[in-house]
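# Analysis of the macromolecular model
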Amino acid sequence: MATRLDTKMVPIPSAGIVPERDSGKMPVLVAAHLGITFGGLKAVDDFNISVGPTEIAGLIGPNGAGKTTVFNLLTKVYEPTHGTILINGRDTHNMSTVEVNKAGIARTFQNIRLFNNLTVEENVKLGLHNSINYTTLEGVLRMPRYWKAEKEAHERALELLSIFDMQDLADYKAGNLPYGAQRRLEIVRALATNPKLLLLDEPAAGMNPSETSELMDNIIKIRDTFQIAVLLIEHDMNLVMGICEGIAVLNYGKIIAKGTAEEIQNNPAVIEAYLGKKKEG
Amino acid sequence: MKNVQRKISLNKTTKSNFVTYGIVIAAFVIMEILMAAGMVSSLLKGLLVPICVYVIMAISLNLTVGVLGELSLGHAGFMSVGAFSGAVVSMMLQSVIPDAIPRLLISLVVGAIFAAIVGVLVGIPVLRLNGDYLAIVTLAFGEIIKSLITNMYIGLDENGLHFSMIKQKFELAEGGKMLIDGPIGLSGMRKVDSFAIGIVLILLCLMIIFHLVNSKSGRAIMALRDNRIAAESVGINVTKYKMMGFVISAAMAGAAGALFASNYSALQASKFDFNTSILVLVFVVLGGLGNMRGSVIAAALLTVLPELLRAFSDYRMLAYAIVLIGIMLVTHNPAIADRLKQIKIKQYKKSADRKAAAMEKKMVRQTAKKEGK
Ligand SMILES: Nc1ncnc2c1ncn2[C@@H]1O[C@H](COP(=O)(O)OP(=O)(O)O)[C@@H](O)[C@H]1O
Ligand SMILES: [Mg+2]
């Protein structure tokens, strides 16, 4: 049952959550029976998802549904009480947040977390941290490897910033940027870690419609140029329905529906739990 | 054009660093000239090395507090470890290396190494935790080190080193000497004229910190200060870099301690107490968190002034406390913070406007050119 999305750049997905071109390939992310309890409250319960290696997937649901908690579980900010997470087939049991990042997941935060007292360029260079090759001693003594690696990092940082046309802001303190630019910088910093899967937590929050539509184009551009998967949480239905190939709907910590935009829009459970309420409000 | 702009901004930090080096060198040259002219009182002369010591203490504590963002209340403990280990080694080497300067250099290195090792030991249990545990543990550490050294007996004779705690449990052979004699501490050290070495040590510490801050590791240290969770999310090993910042800071304090010891013929562990730790913290806060030049100036001025104003020295700690509280009130005042933020945003807008205007001008010029053709 192939359904079509009417966005220009997104290939036609299959009825399942992983698009056709990614079927048969190993999913970049598999989460099975994932769950966490906070003092009796099952914030996330039996969460299952599979994301293809070049898929743009969406995770939606009303406030407090547990979406951000899912991201925190995937990145090991919280240790799951149940379930398994596989990144490119690798079990992340015993992995820390740092190791999960090295395994290929990078993320942004719903409440922006930049290095506010550092410059935009330094923020991006921190994303590049593990690909910059020189020791602390070489850095303090300013050996040739320091100059070479720093020059490369500088160029790479500007290149990454240019995705969002932010290279002119390189020398500003991150904390002094306007809100929209801070959100974009977080994406650039995450991309700098060279991830296989990018998790975006409400990337369009606080953006105006023209910024949002630019962001949509940029998310697709990022997927196409870096050939990575994106899993995003978003309340802006234009964005979600416009660019997400597979969408999962979360309510009270449980997935209540999974499918393409059209399937989700026509799913009575979703309309009741989320879209319906939203339309009334 | 973009490149030019970037070069300028990069030079800005480098330039600012060189100004700091310059201030230190200028202070040294001026003091040397004044001393040659016989215009320096013996009181001030005696303060030159302590000034160097407190400057190093302040910039090294600023690495922990300002750059790493962890509060340490026991920095004097590392100074103490450096002072005693450095002095003991220096006295042990007295017969082997009669020349005082190389012995001082060795004792600086030894002091730094010992303080670094102790820094690792203190850091291991605490730095993995998140929260203000370091403040509590370093506070305890400072007191523990003080009583450990006060109860330590180390003697040297032809049979080698003797060591005991709490009571002197060994007899020294003929010609032997006590290196650390419990509460009496160190005595019989030969004083060295170490002002120049102190200045070089300041410059070295400044250089290490400046270079660190502008490198991969220093960036990581500042990143986890600004946002630990974000730092982890981009693959930065928080414990490793916390440890790195803390241990480098401890090592510098150790070297400062060894330098301090070289300036005296006798020294007790009680000299390095909680008051000393707080005093150095005051220098850091007054000079500005993360601001090394500020630390240099604050430490130098606040070491000289009270000595020159001896009459009021009883009220010194009181005055520091009031100043510290005052500064915290001012810098944590939301109204003032808001005001500062407003100014920054205004500056940002202004330069953004300027950029936009320049861009527009360029485009107008280009279209004019095209049309001209
Ligand atoms: N650290 C925590 N401790 C206790 N409860 C939490 C914690 N984090 C999230 N929760 C709870 O889990 C639920 C889901 O929150 P969240 O994932 O932030 O929702 P969403 O992102 O979908 O709006 C909420 O009820 C929230 O209060
Ligand atoms: Mg959320």
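The rules we used
- Residues numbered from 1 in each chain as written.
- Chains lettered and ligands numbered in written order.
- Predicted model: local features only at pLDDT ≥ 70, side-chain atom pairs only at ≥ 80, totals over all residues.
- Heavy atoms only, no water.
- Helix = DSSP H or I, 4+ residues; strand = E, 2+ residues; numbered from the N terminus.
- Buried < 20%, exposed > 50% of the residue type's maximum accessible area, 1.4 Å probe, protein only.
- Contact = heavy atoms within 4.5 Å.
- Areas by Shrake-Rupley, 256 points an atom, 1.4 Å probe, with all protein chains shown as cover.
- Donors = N, O, S within 2.8 Å, 3.2 Å for Na, K, Ca; no water.
- Domains from an automatic or database assignment.
- Buried area = accessible area lost by both parts, 1.4 Å probe.
- Salt bridge = Lys/Arg side-chain N within 4 Å of Asp/Glu carboxyl O.
- Polar contact = N/O pair within 3.5 Å; in protein donor to acceptor, adjacent residues only side chain to side chain.

Moving on, we get to the overall build of chain B. Helices and strands together make up the secondary structure of chain B, namely 13 helices and three strands. The proportion of buried residues among the 373 residues of chain B is 47%. Considering only intrachain contacts with a sequence separation of at least 6, the fraction spanning at least 24 residues in chain B is 74%. Surface exposure of chain B reaches about 18800 Å², of which carbon and sulfur atoms provide 66%.

Moving on, we come to the coordination of the magnesium ion (ligand 2). Metal coordination angles have textbook ideals: 109.5 degrees for a tetrahedral set of four donors and 90 or 180 degrees for an octahedral set of six. Residues and elements named next belong to chain A. Distances from the magnesium ion (ligand 2) to its protein donors, T68 (OG1) and Q110 (OE1), fall within 2.0 to 2.1 Å. Residue T68 is located in helix 1 (residues 67-74), and its partner Q110 is located in the loop between strand 6 (105-107) and helix 3 (120-127); the two are separated by 42 residues in the primary sequence. You can call Q110 partly exposed: its relative accessible area is 33%.

Okay, the side chain of N17(B) next. Residues and elements named next belong to chain B. Along the chain, the position of N17 falls in helix 1 (residues 2-36). Here N17 falls in the buried class, since its relative accessible area comes to 12%. If sequence neighbours within four positions are ignored, N17 has contacts with F210 and N214.

A separate point is the domain arrangement of chain A. Residue and element names in this part refer to chain A. Its domain assignment divides chain A into domain 1 (1-104 + 195-281) and domain 2 (116-192). If you look at the interface, domain 1 gives 17 residues, while domain 2 gives 12 residues. Carbon and sulfur atoms supply 69% of the area buried between domain 1 and domain 2, which totals about 1200 Å² over both sides. A per-residue breakdown of the area domain 1 buries against domain 2 is headed by M207, I222 and F226, which together make up 29% of the total. For the pair domain 1 and domain 2, the interface holds one salt bridge. Joining domain 1 to domain 2, the criterion identifies three residue pairs in polar contact (both at pLDDT 80 or more). Among the secondary structure elements, those contributing two or more residues to the side of domain 1 that touches domain 2 are strand 7 (197-201) and helix 7 (209-226). With six residues, the single largest contributor to the side of domain 1 that touches domain 2 is helix 7.

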